[in-house]
Structure formats: C-alpha cells, structure tokens
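# A structural walkthrough
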Amino acid sequence: MAKTAQLDLPLVMPAQAQKHVTVNEALARLDAVAQLRVVSSTAQVPPGEVTDGASYLVPGGATGDWQGKAGKIAVWSNG
C-alpha cells in the first residue's frame, strides 16, 4: 500500500474496496500526532487499561506487543 512520505499515512488507491478503512486509519494517525500527549516513555509493557487516545513512547527493552518497537509511538485508538 502506498503511504505518505512524512507521516506514513495510508493513501487511498484507485478502485480500492473499503476505502473508509484506509481513510479512517489515516485520520486516527493524524489525531494521535497532531497534539501528541505522552502518558509514559518508560513503561516496559503495554498497560492493561488505557483510555482512547493514550500515547506511549516505547522504550528500548520493551516486552509483549511492544517488543522490537523501541523508539516508536504506541497509540490506543478506537478500542
């Protein structure tokens, strides 16, 4: 899938089925980074309970679903 250069947003392709999925993913990413509020930059594991829109900077040595994702932003979006 083609993506934008800066924010890595998915682009809608000609004749693409279910265009709303691609557009909604792009909007969720924009919503997360437009006014980024980081809950934690030291949590080593994904939290058990989070609120929609919560963002975490994934540190080195993270485990679970964050393993191998150091330096990325994890965002809880739309459940």
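See above for the structure.
The structure reproduced in this document is the subject of the present report. (Residues numbered from 1 in each chain as written. Predicted model: local features only at pLDDT ≥ 70, side-chain atom pairs only at ≥ 80, totals over all residues. Heavy atoms only, no water.)

### What to know about the overall build of the protein chain
Counting secondary structure elements, the protein chain contains one helix and three strands. Listed by position from the N terminus, the elements making up the protein chain come as α-β-β-β. Taken along its principal axes, the extent of the C-alpha atoms in the protein chain is 40 × 25 × 20 Å. Counting every position in the protein chain, which comprises 79 residues, the buried fraction comes to 19%. Put simply, of all contacts in the protein chain between residues at least 6 apart along the chain, 12% involve residues at least 24 apart. (Helix = DSSP H or I, 4+ residues; strand = E, 2+ residues; numbered from the N terminus. Buried < 20%, exposed > 50% of the residue type's maximum accessible area, 1.4 Å probe, protein only. Contact = heavy atoms within 4.5 Å.)

### Re the nonpolar core
Counting residues in hydrophobic clusters, the biggest one holds six residues: Ala 54, Tyr 56, Val 58, Ala 62, Trp 66 and Ala 74. Once residues lying within four places of it in the same chain are set aside, the contact partners of Tyr 56 are Val 38, Val 39, Ser 40, Pro 47, Val 50, Trp 66, Lys 72, Ile 73 and Ala 74. (Core = buried A, V, L, I, M, F, W, Y, C linked by side-chain atoms within 4.5 Å.)

### Structural notes on the sheet that holds strand 1 (residues 38–40)
One open sheet accounts for three strands, arranged 1-2-3; its pairing is mixed. Edge positions in the open sheet fall to strand 1 and strand 3 (73–75), since each of these has one partner strand only. The mean angle between the axes of side-by-side strands here comes to 40°, regardless of whether they run parallel or antiparallel. Looking at chain direction, strand 1 and strand 2 (residues 55–57) are connected through two bridges and run parallel. (Pairing = 2+ DSSP bridges. Axes fitted to C-alpha atoms, helices over the stretch in contact; angles between N-to-C directions.)

### Some words on the pattern of salt bridges
Once the charged atoms of two side chains with opposite charge are near each other, the side chains can pair. Within this structure, the stated rule accounts for two salt bridges. For Asp 8, the salt bridge identified is with Arg 29, shortest N-O distance 3.9 Å. Residue Asp 8 is found in the segment before helix 1 (19–34), and its partner Arg 29 is found in helix 1; the two are separated by 21 residues along the sequence. Residue class for Arg 29 comes out partly exposed when judged on its relative accessible area of 27%. Two residues, Arg 29 and Glu 25, come together in a salt bridge whose shortest N-O distance is 2.6 Å. One end of the pair is Arg 29 and the other is Glu 25, both in helix 1 and four residues apart, which spans about a single turn. A residue is classified by how much of its surface remains accessible, and Glu 25, at 32% relative accessible area, is partly exposed. Put simply, Asp 8, Glu 25 and Arg 29 are held in one network by salt bridges that share partners. (Salt bridge = Lys/Arg side-chain N within 4 Å of Asp/Glu carboxyl O.)

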